[in-house]
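Here is how the chains run, residue by residue.
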Amino acid sequence: MRTRIERGRDVIAIAAVGLLAALGCSRPHRLPAVPQALQAEANVPGLPGVRYRAGLMPELLQEAKESFEREQAYLASQGHQGPLPPAIFLAISGGGDNGAFGAGLLNGWTAKGDRPTFKLVTGVSTGGLIAPFAFLGQAYDSQLRDLYTGVSSKDILTKRNILSAVLGDAMADNLPLWRQLEKAVNQEMLDAIAAEYQKGRLLLVGTTDLDARQGVIWNLTKIAASHDPGAPELFRKIMIASAAIPGAFPPTMIDVEVGGQRYQEMHVDGGCTAQVFVYPPSINLAALSRERGIERTRRLYIIRNSRLDPDWADVERSMLTIAGRAISSLIQNQGVGDLYRIYTTTQRDQVDFNLARIPSTFKAVHKEDFDTKYMRALFDDAYKSAEQGYPWEKVPTGFATEPDAAP
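Quick look at the structure, then.

Rules behind the numbers
- Residues numbered from 1 in each chain as written.
- Predicted model: local features only at pLDDT ≥ 70, side-chain atom pairs only at ≥ 80, totals over all residues.
- Heavy atoms only, no water.
- Patch = residues over 30% accessible without salt bridge, like charges linked within 9 Å, V, L, I, M, F, W, Y side chains within 5 Å.
- Areas by Shrake-Rupley, 256 points an atom, 1.4 Å probe, with all protein chains shown as cover.
- Salt bridge = Lys/Arg side-chain N within 4 Å of Asp/Glu carboxyl O.
- Helix = DSSP H or I, 4+ residues; strand = E, 2+ residues; numbered from the N terminus.
- Buried < 20%, exposed > 50% of the residue type's maximum accessible area, 1.4 Å probe, protein only.
- Axes fitted to C-alpha atoms, helices over the stretch in contact; angles between N-to-C directions.
- Parallel < 35°, antiparallel > 145°, perpendicular 65-115°, else oblique.
- Contact = heavy atoms within 4.5 Å.
- Nonpolar A, V, L, I, M, F, W, Y, C, P; charged D, E, K, R; others polar.
- Pairing = 2+ DSSP bridges.
- Core = buried A, V, L, I, M, F, W, Y, C linked by side-chain atoms within 4.5 Å.
- Lys, Arg positive; Asp, Glu negative; His and termini not counted.
- Polar contact = N/O pair within 3.5 Å; in protein donor to acceptor, adjacent residues only side chain to side chain.
- Left-handed = near helix turned anticlockwise from the far one by under 90°.
- Phe/Tyr/Trp six-rings, centres within 6.5 Å; stacked < 30°, edge-to-face > 60°.

## As for a nonpolar patch on the surface
Here is step 1 of the chain: On the surface, Ile 162, Leu 163 and Met 171 cluster together into a nonpolar patch covering about 320 Å² of accessible area.
Here is step 2 of the chain: Among the structural elements, Ile 162 can be located in helix α6 (residues 162-167).
Here is step 3 of the chain: Taking the relative accessible area as the measure of exposure, Ile 162 reaches 62% and is therefore exposed.

Right, here's the structure in full:
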């Protein structure tokens, strides 16, 4: 007679065979990826020219020139005379629920009364969620506040069981976040963004094309200004994609076409490419300004939704803990490198550099992802600091400038 242990082994074996069979036939469906040779030709149907791939930045340069022309026309229509007003840029980084820092800082900046209108706003990951609200300014502060203080994990994600996670494309479903954006990011919001596009302002959000392993910059202002029927859904898709941490959240599949042939691109967290960006270093603002005879002050504000000081921990000797700690270290140091690159570019282009980051004095306990209590504490801390006049850093943390040469 077979023992209970032997019968148990048979059950496990049958289950394993079933799982392996399922793994072979039940993965999420997708259309073919764009062939490598056709990457540069792929466009979203009906919306050509709304994004820029790494290595194809002449298109972004042309957009920058056209935005300046739109700005000049708008200023003339308002009777503006004399020197051009300062061009003020805002770059918002990734950081997950630490985006509450950026949301609090922007709300507090409004309360202080000297928050500028930004010529350019860029966002990555959680910064991609913040960017449209930051772009539209004070009128959208309350929605931004609610997005980072009135939610918990159940409002952002639905955890999948282990079988669904293994068979699927992520550990959790971000449908709850999608539903929130359907309410907040509506046609009224896109119309407001489109109006600012005509004034020469730009809103850019970064994602990562995982098939091509390449960063993509999306011109959300141009998408809004297209008034295409599919613009609202694409706009939300890009926001979701920019914040879709691979493995944790599903990738966002974006339909494109080349020569009438349909394909799909797999887009994930823009932080896989860069934690924060402003414009590519290949665009030399100083040289372009000299060529066109443009004289104006330029100022950059970076909101880094992260701490940059060393985050010490007594690391448990286990595979998952070690891997997780190593990945978080990689992300933090990638973010520092991004700041160094941006700083050197701004110094070349005579752009005033200003950096905000989560201070080492902030000690609230972070119990889980999208911990409401933690996010509210972080929001409040940033709000109070900005309301009193945020002490912007003029050089990235740890960046050593060259001493003045001796006479």
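## Describing the packing of helix α5 (residues 141-149) against helix α13 (residues 372-387)
Here is step 1 of the chain: Interaxial distance between α5 and α13 falls to 8 Å at its minimum, and their mutual angle equals 140°. When the axes of α5 and α13 are compared, the pair comes out oblique. Taken together, the residues of α13 that come into contact with α5 (itself represented by Arg 145, Tyr 148 and Thr 149) are Thr 372, Met 375, Arg 376 and Phe 379.
Here is step 2 of the chain: Classifying every residue of the contact of α5 with α13 gives three nonpolar, two polar and two charged.

## Here we look at the pairing of strand β7 (residues 214-219)
Here is step 1 of the chain: The buried count for β7 comes to five of six residues, which makes it a mostly enclosed element.
Here is step 2 of the chain: Direction of pairing for strand β1 (residues 51-53) relative to β7: antiparallel, over a ladder of three bridges. Residue pairing across strands places Arg 53 opposite Val 216, the latter belonging to β7.

## A word on the nonpolar core
Here is step 1 of the chain: The biggest cluster of nonpolar side chains holds 104 residues, and the ones touching the most others in it are Phe 89, Leu 90, Phe 101, Leu 105, Trp 218, Leu 300 and Ile 302.
Here is step 2 of the chain: With seven residues, the top contributor of residues to this core is helix α4 (residues 126-136).
Here is step 3 of the chain: When neighbours within four sequence positions are excluded, Leu 90 is seen to be in contact with Leu 106, Phe 118, Leu 120, Val 121, Thr 122, Ala 134, Leu 300, Tyr 301 and Ile 303.

## Considering the side chain of Lys 237
Here is step 1 of the chain: Topologically, Lys 237 is positioned in helix α10 (residues 231-242).
Here is step 2 of the chain: One buried charge, Lys 237, has no salt-bridge partner; the nearest side chain with opposite charge is Glu 233, at 4.3 Å.
Here is step 3 of the chain: Within polar-contact distance, the side chain of Lys 237 engages the backbone oxygen of Met 253 at 3.3 Å.
Here is step 4 of the chain: For Lys 237, the contacting residues outside a window of four places in its chain are Trp 178, Thr 252 and Met 253.

## So, the environment of Gly 102
Here is step 1 of the chain: Secondary-structure assignment places Gly 102 in helix α3 (residues 99-112).
Here is step 2 of the chain: Distance from Gly 102 to Asn 333, taken between C-alpha atoms, is 20 Å for residues 231 residues apart in sequence.
Here is step 3 of the chain: If near-sequence neighbours (up to four positions away) are discounted, Gly 102 is found in contact with Ile 303 and Asn 305.

## Considerations on the packing of α4 against α5
Here is step 1 of the chain: It is at 9 Å that the axes of α4 and α5 come closest, and there the two elements cross at 155°. Looking at the two axes, α4 sits roughly antiparallel to α5. In the crossing of α4 with α5, the sense of the turn from one axis to the other is right-handed. For the pair α4 and α5, contact is made by Thr 126, Leu 129, Ile 130 and Phe 133 and by Gln 143, Leu 144, Leu 147 and Tyr 148, respectively.
Here is step 2 of the chain: Within the contact of α4 with α5, the residues separate by chemical class into six nonpolar, two polar and no charged.

## What to know about the packing of aromatic side chains
Here is step 1 of the chain: Throughout the structure, instances matching the rule amount to ten aromatic pairs.
Here is step 2 of the chain: Their ring planes at 70° and their centres at 5.0 Å tell us that Trp 109 and Tyr 301 sit as a pair that is edge-to-face. With Trp 109 in helix α3 and Tyr 301 in strand β10 (residues 298-307), this pair connects stretches of sequence that are 192 residues apart. In terms of burial, Trp 109 and Tyr 301 fall into one category: buried.
Here is step 3 of the chain: A centroid spacing of 4.9 Å and a plane angle of 65° characterise the contact between Tyr 343 and Phe 399, whose relative ring orientation is edge-to-face. With Tyr 343 in helix α12 (residues 319-349) and Phe 399 in the segment after α13, this residue pair connects regions lying 56 residues apart in the sequence.
Here is step 4 of the chain: A residue is classified by how much of its surface remains accessible, and Tyr 343, at 8% relative accessible area, is buried.

## So, the environment of Leu 175
Here is step 1 of the chain: Positionally, Leu 175 belongs in helix α7 (residues 175-184).
Here is step 2 of the chain: For the pair formed by Leu 175 and Asp 371, sequence separation is 196 residues and the distance between their alpha carbons is 18 Å.

## Re the pattern of salt bridges
Here is step 1 of the chain: The tally for this structure, following the rule as stated, stands at 21 salt bridges.
Here is step 2 of the chain: For the salt bridge of Glu 63 with Arg 70, the shortest nitrogen-to-oxygen distance reads 2.9 Å.
Here is step 3 of the chain: Several salt bridges converge on common partners, so that one network encompasses Arg 51, Arg 53, Asp 209 and Glu 265.

## Quick word on the pairing of strand β9 (residues 261-269)
Here is step 1 of the chain: Relative to β9, strand β6 (residues 202-209) is paired through three bridges, and the arrangement is antiparallel. In the strand pairing of β9, Thr 207 is matched with Asp 269.
Here is step 2 of the chain: With seven bridges connecting them, strand β8 (residues 252-258) and β9 associate as antiparallel partners. Residue pairing across strands places Met 253 opposite Met 266, the latter belonging to β9.
Here is step 3 of the chain: Linking β8 to β9, which pair antiparallel, is a turn of two residues; within it Gly 259 sits at a positive phi near 55°.

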